[in-house]
Amino acid sequence: MDYVIKADGLNISYGRDEPIITDANISVKAHEFVFITGKSGSGKSTIIKSLYGDLMPNRGELNVCGVDFKNISSSKLNILRRYLGVVFQDYKLIDEWTVEQNVMLPLIIGGFSRSVCIKQAHKLLKHVKLLHKVNKYPFELSGGEQQRVAMARALAHNPVLILADEPTGNLDSYSSEVIWNLLKGAKEHLGTTILVVTHNIPATLGMDYKHFFLEGGVLNEVS
Ligand SMILES: Nc1ncnc2c1ncn2[C@@H]1O[C@H](COP(=O)(O)OP(=O)(O)OP(=O)(O)O)[C@@H](O)[C@H]1O
Ligand SMILES: [Mg+2]
């Protein structure tokens, strides 16, 4: 079976604190669209952090994009991150870089030529309706505009897997629809696998999806 995420018996904690996630099992196949919901503080962002290797599980097995987390080296982690597009809950844009440069970041890391980087960044910024802001800095944008730049950056290098933490949390219904359509388009046309943490699964997504609900450290699939 072709799994993009396979987690068995995951336990995740911060330092010596009580585990936030206990015995989580997640299987996500290639090209699936997956939602994780749960109350504030239930551990949704914690799961995302562990999937991109920012927070190592203290127990259990984890494999993301074919990369096994057991004794993972920093070079393996860097390889994994090239397969990922991550939208952070707090965006994590680079303050000193323009919108254009921020979106180009994963392409620069990927070693693409400057002209390819610019062309691709502009294409994505057009999708998120921010082409007119290419030369602005993050502090000159609204929260929702920053969130859309973060989405453009996450998609720029055609990642295998997108991990998006509340990607529409700061957006009105029109901009939310733009984001959902972008994610749907990535899945349908590029075969991207998508995992989204959200408080609101769109009523009109118009495609099959998996839904996990996180409560009390336990992740259950909702059927
Ligand atoms: N760096 C940290 N150190 C210690 N505890 C943390 C840290 N980050 C988060 N926590 C704790 O882990 C728990 C889960 O936090 P997390 O951010 O994963 O929740 P969440 O489900 O994403 O919530 P929200 O919907 O508000 O974003 C919370 O109790 C939080 O206080
Ligand atoms: Mg969170």
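Residues numbered from 1 in each chain as written. Chains lettered and ligands numbered in written order. Predicted model: local features only at pLDDT ≥ 70, side-chain atom pairs only at ≥ 80, totals over all residues.

With respect to the site of ligand 1
And step 1. The environment of ligand 1 is formed by Y14, D17, I20, G38, S40, G41, S42, G43, K44, S45, T46 and Q89.
And step 2. No other element matches helix α1 (residues 44-51), which puts three residues into the shell around ligand 1. (Near = placed C-beta within 6 Å. Helix = DSSP H or I, 4+ residues; strand = E, 2+ residues; numbered from the N terminus.)

Topic: helix α4 (residues 114-127)
And step 1. With 14 residues, α4 ought to run about 20 Å at 1.5 Å a step, and its terminal C-alpha atoms sit 20 Å apart, in line with that.
And step 2. Summarising the contacts, the buried residues of α4 are in contact with α3 (99-109) and α5 (143-155). (Expected span 1.5 Å × (residues − 1). Contact = placed C-beta atoms within 7 Å.)

Digging into unusual backbone geometry
And step 1. Although it is not a glycine, C65 adopts a positive phi angle of roughly 50°.
And step 2. Take C65: it is sitting in the loop between β4 (59-64) and β5 (67-68).
And step 3. Residue C65 is classed as partly exposed on the basis of its 19 C-beta neighbours within 10 Å. (Buried ≥ 20, exposed ≤ 12 C-beta atoms within 10 Å, placed from the backbone.)

What to know about the sheet that holds strand β10 (residues 218-222)
Within a sheet, each strand pairs with its neighbour through backbone hydrogen bonds, oriented either parallel or antiparallel.
And step 1. In spatial order, the strands read β6-β7-β8-β3-β9-β10; together these six strands make up an open sheet with mixed pairing. Only two strands of the sheet have a single neighbouring strand rather than two, namely β6 (84-87) and β10. Each strand axis lies, on average, 15° off the axis of its neighbour in the sheet, ignoring direction.
And step 2. Here strand β3 (residues 33-38) runs beside strand β8 (residues 193-197); their pairing, made up of four bridges, is parallel. Residue F35 lies in a different strand from β8, and its bridge partner there is V196.
And step 3. α5 contacts β6 and β7 (161-165) of the sheet and is inclined by roughly 175° relative to β6. (Pairing = 2+ DSSP bridges. Axes fitted to C-alpha atoms, helices over the stretch in contact; angles between N-to-C directions.)

Topic: the packing of α5 against helix α6 (residues 173-190)
And step 1. Taken N-terminus to C-terminus, the directions of α5 and α6 make an angle of 5°; their axes are 11 Å apart at the nearest point. Regarding the angle of α5 to α6, the classification is roughly parallel. Residues G144, R148, M151 and L155 of α5 pack against S175, I179, L182 and A186 of α6.
And step 2. Here the contact of α5 with α6 is built from residues that sort into five nonpolar, two polar and one charged. (Parallel < 35°, antiparallel > 145°, perpendicular 65-115°, else oblique. Nonpolar A, V, L, I, M, F, W, Y, C, P; charged D, E, K, R; others polar.)

Section: the environment of E100
And step 1. Among the structural elements, E100 can be located in helix α3.
And step 2. E100 sits in the buried class, given 20 other C-beta atoms within 10 Å.
And step 3. Note: C-alpha distance between E100 and G169 (69 residues apart in sequence) is 23 Å.
And step 4. In this structure E100 touches A121, V134 and N135, once residues within four positions along its chain are discounted.

Everything listed is a geometric property; what it means functionally is a separate question.
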